[in-house]
Amino acid sequence: MSSDIDPYEHLHIALNSDGTLTRFVKLPKANPEASPDDPVVFKDHTLNAEKKTRVRIHMPTIKLPPNDGTRIPIIIYYPRSIWFLSFWDTDKTYMLISKLACLVPAIVVSVEYRLAPENKLPEQYHDAMDAILWVKEQALNPNGEHWIKDYGDISSCFLHGCGCGGNMAFFTALEAARMELEPLKIVGNIMNQPMFGGMERTSSELQNCADPVFPLCAQDLVWEFSLPKGENRDHWYCNPMVEGPHTSAINKLCRCLVIGFYGDAMLDRQQDFVTMLMRHEVQIDAMFHDSGFHAMEIVDPEWMNYIVEIIRHFIVDTENKP
């Protein structure tokens, strides 16, 4: 297998002599000024000042529960980043979150996490867990964030991530399953096109090695940036199908939703991931569409609507189960 693609040029980055990246891409930001008729409003809070991480809380202005104690679920969302480029405050992330917040309806807490290669795994997982603990603190603190205190149901929390955010949702859910978080309760994990890899090439990787959005050489480089120094792609952070310290907690996971597309080079790994969850007797919903490609909802609003509807149905169905 060969490729003429330069992964640095494709990703619009340059590696500096000190190991940091210069990122040439400037993604469009979400408009911070809400208009009176906006269906969703948001505000930012510091998550960890030392780590320079934040959360952005999105609150629907329609379909709010009446003032009778009824509450709406909380989605803790880990956006795409391909580990090195933040999508946290972009217009595309806002579009996706706004649709989720309105249609479910739910409060969505989007998490800004540290980026590779300046910060390698598992630092991103630590940031992801910080967000869960922050939500719990806000709900229990008399002076906590009032959207969460007044409207959020911390006994109905969902972890949701796209791409590497889906990878984060999985590993954070494993860590949460080992912790005492009551009264906060995670009732569902949503992994949209979760990013996994491995040393031995799969059929879908070979078939899509020159993928125009995320070619295989770019995936390899991103894993080199993000994995702990000296580790290869068969480390469990990248390839959770191998045995590792995470394995013993898999059967503690609550209900999971995995979404994928047949044009994604990671399809085989995502399907192997679903098989692994089933082997550990995790309740799993898997939706693999027979077309599409990785991150297609970023470029096609109809596919974004399709994915949001799958997630909405999963959340509503999970909440309605005894």
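Rules behind the numbers
Residues numbered from 1 in each chain as written. Predicted model: local features only at pLDDT ≥ 70, side-chain atom pairs only at ≥ 80, totals over all residues. Heavy atoms only, no water. Helix = DSSP H or I, 4+ residues; strand = E, 2+ residues; numbered from the N terminus. Rg over C-alpha atoms; globule rule 2.2 N^0.38 Å. Buried < 20%, exposed > 50% of the residue type's maximum accessible area, 1.4 Å probe, protein only. Pairing = 2+ DSSP bridges. UniProt positions renumbered as here; feature names shortened; annotations may be inferred. Phe/Tyr/Trp six-rings, centres within 6.5 Å; stacked < 30°, edge-to-face > 60°. Lys NZ or Arg CZ within 6 Å of the ring centre and 35° of its normal.

(A) How the structure looks around the overall build of the protein. Scanning the protein from N- to C-terminus turns up ten helices and ten strands. Taking 20 Å as the expected radius of gyration for a compact globule of 322 residues, we find that the protein reaches 19 Å, a close match to that expectation. Expressed along its principal axes, the backbone C-alpha trace of the protein runs to roughly 60 × 45 × 40 Å. Burial analysis of the protein (322 residues in total) assigns 54% to the buried set.

(B) Broad picture of unusual backbone geometry. A cis amide bond links Val-104 with the next residue in sequence, Pro-105, at an omega value of -15°. Along the chain, the position of Pro-105 falls in the loop between helix H2 (91-103) and strand E6 (107-111). Backbone geometry at Ile-82 places phi at a positive 40°, although glycine is not the residue there. As for its placement among the helices and strands, Ile-82 is situated in the loop between strand E5 (72-78) and H2. Even without being glycine, Gln-193 reaches a positive phi, approximately 50°. Summarising the element assignment, Gln-193 is placed in the loop between strand E8 (186-192) and helix H6 (203-207).

(C) Here's a closer look at the pairing of strand E3 (residues 40-48). Pairing between E3 and strand E4 (residues 53-60): eight bridges, direction antiparallel. Bridged to Phe-42 within E4 is His-58. The turn joining E3 and E4, which pair antiparallel and follow one another in sequence, is formed by four residues; a positive phi near 60° is taken by Lys-52.

(D) How the structure looks around the UniProt feature "domain: Alpha/beta hydrolase fold-3" (unreviewed entry) in the protein. Those places that UniProt annotates as "domain: Alpha/beta hydrolase fold-3" (unreviewed entry) correspond, in this numbering, to residues 95-296. With 38% helix and 17% strand, residues 95-296 has end C-alpha atoms that lie 14 Å from one another.

(E) Inspection of the packing of aromatic side chains at higher detail. Using the criterion set out here, one finds 13 aromatic pairs in the structure. Pairing Phe-170 with Phe-171 gives two aromatic rings, centres 4.9 Å apart and planes at 70°, and the pair type is edge-to-face. Exposure class is identical for Phe-170 and Phe-171. Each is buried. Judged by centre distance (5.2 Å) and plane angle (85°), the rings of Trp-303 and Tyr-306 are edge-to-face. Linking Trp-303 with Tyr-306, this pair stays in helix H10 (residues 301-320), spanning three residues, or about one helical turn. Geometry around Trp-147 places Lys-43 over its ring, the cationic atom sitting 4.1 Å from the centre. The cationic tip of Arg-56 hangs over the ring face of Trp-88; the distance from NZ or CZ to the ring centre is 4.7 Å.

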